[in-house]
Amino acid sequence: MTTPHDLVIVARPYDHPDVQQLVEGLQQLYVEIYGGRDESPIDAAEFEPPRGAFAVAYLSEGPQPAGSDREGSREGQPVGMGAWRLLPDGRGELKRLFVQPGHRGRGVSRRLLGWLEESARDSGVTWMVLETNTAHPEAIRLYRSAGYEPVPDYGHYADEPETVSLGREL
């Protein structure tokens, strides 16, 4: 069973294979929920420090054996991801928070959210916002429990009636 203490969170570029694997898992979730992939524009450069960051949560499995693709690292299986990027108005925007189904409900999202908020604060961001949807009640509960409150709709899905926009001061 995954616990927050089993996790290692590592900054990764958007084109890293583990990020792409998790992004594809998230896109498949969108297909299941909405009948199609997320079409909001994403530019990998937006997630490069200090204007953003992408993180992957791994199950910690101890040092990996010689000859493995993770030789010497302590990272094991990628189980979740999340990102933030700087918006033109200076706020940070939370993006792509996702945990693989078999690892949900164990604190992975909360740990990723904390890591992302700290990364944004370290880059001078004082407000974080996000867009989600009424079809994601678990996500809304997570964000509300972390202090996120309704903010005016913004972004790619601002005109969609099911959009939920939340934000909080960091």
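Analysis parameters
Residues numbered from 1 in each chain as written. Predicted model: local features only at pLDDT ≥ 70, side-chain atom pairs only at ≥ 80, totals over all residues. Heavy atoms only, no water. Helix = DSSP H or I, 4+ residues; strand = E, 2+ residues; numbered from the N terminus. Buried < 20%, exposed > 50% of the residue type's maximum accessible area, 1.4 Å probe, protein only. Contact = heavy atoms within 4.5 Å. Areas by Shrake-Rupley, 256 points an atom, 1.4 Å probe, with all protein chains shown as cover. Patch = residues over 30% accessible without salt bridge, like charges linked within 9 Å, V, L, I, M, F, W, Y side chains within 5 Å. Salt bridge = Lys/Arg side-chain N within 4 Å of Asp/Glu carboxyl O. Lys, Arg positive; Asp, Glu negative; His and termini not counted. Charge placed at Lys NZ, Arg CZ, Asp CG, Glu CD. Polar contact = N/O pair within 3.5 Å; in protein donor to acceptor, adjacent residues only side chain to side chain. Core = buried A, V, L, I, M, F, W, Y, C linked by side-chain atoms within 4.5 Å.

Caption draft 1: Structural context of the overall build of the protein chain. For the protein chain, the count of helices and strands is three helices and seven strands. The N-to-C order of helical and strand elements in the protein chain reads β-α-β-β-β-α-β-α-β-β. Scored against the burial criterion, the 170 residues of the protein chain give a buried share of 46%. Sequence separation of at least 24 residues holds for 65% of the intrachain contacts in the protein chain that already meet a minimum separation of 6. Of the roughly 8800 Å² of accessible surface on the protein chain, 50% is carried by carbon and sulfur atoms.

Caption draft 2: Just a negative patch on the surface, in detail. Together, Asp-153, Asp-159, Glu-160 and Glu-162 give the surface a local cluster of negative charge. By the secondary structure assignment, Asp-159 is in the loop between β6 (149-150) and β7 (163-169).

Caption draft 3: Seen up close, the side chain of Glu-93. Among the structural elements, Glu-93 can be located in strand β4 (residues 92-99). Classification of Glu-93 by relative accessible area gives buried; the value is 2%. Looking at Glu-93, its side chain comes within polar contact range of the side chain of Tyr-154, at 3.0 Å. With residues near it in sequence (within four places) discarded, Glu-93 still touches Ala-83, Trp-84, Arg-85, Leu-87, Met-128, Val-129, Glu-131 and Tyr-154.

Caption draft 4: Spotlight on the nonpolar core. Core analysis: the biggest nonpolar cluster contains 25 residues, and Ala-57, Trp-84, Leu-94, Val-108, Leu-112, Tyr-143 and Tyr-148 have the highest contact counts within it. Listed by contribution, the elements that provide at least two residues to this core are β1 (7-11), β2 (52-60), β3 (75-86), β4, α2 (108-122), β5 (127-133), α3 (137-145) and β7. At five residues, the largest contribution of residues to this core is made by α2. Excluding its chain neighbours within four sequence positions, the residues that come into contact with Leu-112 are Ile-9, Ala-55, Ala-57, Gly-80, Met-81, Gly-82, Leu-97, Phe-98 and Val-99.

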